[in-house]
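# Architecture at a glance
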Amino acid sequence: MRASISPTERLVATLRISKMSGEPEVARTPEGDETEEEEIKSSYKPPPEKTIEEILAADQEDESLRKYKEALLGQAQAGTVIVEPNDPRKVIVKKLALCVTERDDLELDLTGDLTDLKKQVFVIKEGVQYRIRIDFIVQREIVHGLKYVQKTYRLGVPVDKMTHMVGSYPPKTEIQSYTTPPEDAPSGMMARGSYTVNSLFTDDDKNIHLQWEWSFEIKKDWKD
């Protein structure tokens, strides 16, 4: 047995984790904390960035690892995966959806003018449990250590901040998705009102794939 773990094996482990079911890792800061995103501590250890060609070429003597890498990378091993040729980005964020059980998803289209998102305000019933889903495309190369950072404000004052560790993803022609763990909306008369959210889709190399602002309103009931 080898005494150390190669960069390729670490990457394979990271990719495998990103596709496993279960609750993703979340770092949360207290209300009003102005700590910047890069200061948030996490046990997540990203692998070194490598191209798909480098990953496939490494550790060829390990037959089982080679086959596993090929199965995991799927379409990417056959050549460069390009979904939108005119877009040079590796990650193209398509949609944000607010998901509540037994209700239609509330969706934001993130492919157009992001300033228009302020005109679309989600109404959320107080105390309800919800999740946020991000739909995105990965093309050209593997993206390492994706993160979804969400800062929530009320009347300009920060009230919550979360960093969701999304994981590493290979290129695919299909849309890929990440869904946050369930959250409980604030409840009570003092919690009702309007909130603004600053969302950021980034990675461990501090690449900003998309940054946008959206709003929601907490009400006593869905129809209030």
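Residues numbered from 1 in each chain as written. Predicted model: local features only at pLDDT ≥ 70, side-chain atom pairs only at ≥ 80, totals over all residues. Heavy atoms only, no water.

Our working rule: UniProt positions are given in the numbering used here, feature names are shortened, and annotations may be inferred rather than shown by experiment.
For the chain, the name recorded in an unreviewed UniProt entry is Rho GDP-dissociation inhibitor 3, with Parnassius apollo as its organism. Comment text from UniProt for the chain, heading Subcellular location (unreviewed entry), reads "Cytoplasm". The UniProt entry for the chain carries this comment under Sequence similarities (unreviewed entry): "Belongs to the Rho GDI family."

### Some details on the nonpolar core
We count it as follows: Nonpolar core, defined: a set of buried Ala, Val, Leu, Ile, Met, Phe, Trp, Tyr and Cys residues in which side-chain atoms within 4.5 Å join the residues together. Accessibility here uses a 1.4 Å probe with only protein chains present; expressed as a share of the type maximum, an area under 20% marks a residue as buried, one over 50% as exposed, and anything in between as partly exposed. Runs of H or I in DSSP of at least four residues are treated as helices and runs of E of at least two as strands, each being numbered from the N terminus. Every residue pair with non-hydrogen atoms within 4.5 Å of one another is taken to be in contact.
Core analysis: the largest hydrophobic core is formed by 33 residues, its most contacted members being Leu96, Ile134, Phe136, Tyr148, Phe201, Trp212 and Trp214. Of all the elements in the fold, those that place two or more residues in this core are β2 (91-99), β4 (121-125), β5 (129-138), β6 (143-154), β7 (157-169), β10 (193-202) and β11 (208-219). Excluding residues that lie within four positions of it along the chain, phenylalanine 136 makes contacts with Val91, Ile92, Val93, Lys94, Leu146, Tyr169, Ile175, Gln176, Ser177, Tyr178 and Phe201.

### Topic: the pattern of salt bridges
Stated precisely, the cut-off is as follows: Each reported salt bridge corresponds to a side-chain nitrogen of Lys or Arg within 4 Å of a carboxyl oxygen of Asp or Glu.
Per the stated rule, a full pass over the model turns up 10 salt bridges. For glutamate 84, the salt bridge is made with lysine 94, and the minimal N-O distance between the two is 2.5 Å. Placement of the pair is glutamate 84 in the loop between α3 (63-73) and β2 and lysine 94 in strand β2, with a sequence separation of 10 residues. The partly exposed category is assigned to glutamate 84, whose relative accessible area is 24%. A salt bridge links glutamate 107 to lysine 95, with the shortest nitrogen-to-oxygen separation between them at 3.4 Å. Placement of glutamate 107 in strand β3 (residues 106-109) and of lysine 95 in strand β2 is noted, with a sequence separation of 12 residues between them. Classification of lysine 95 by relative accessible area gives partly exposed; the value is 27%. Among the charged side chains, a salt-bridge network with shared partners connects Lys95, Asp105, Glu107, Arg133 and Asp135.

### Regarding the pairing of β11
Test applied: When DSSP finds at least two bridges between two strands, those strands are taken to pair.
As judged from the 5 bridges shared by β4 and β11, these two strands associate in the parallel manner. Bridge assignment links phenylalanine 122 to a residue of β11, and that residue is phenylalanine 216. In the sheet, β10 pairs with β11 via 10 bridges, with the strands oriented antiparallel. Its bridge partner being in β11, phenylalanine 201 is matched across the sheet by leucine 210. The hairpin formed by β10 and β11 contains 5 residues between the paired strands, and lysine 206 there has a positive phi angle of roughly 65 degrees.

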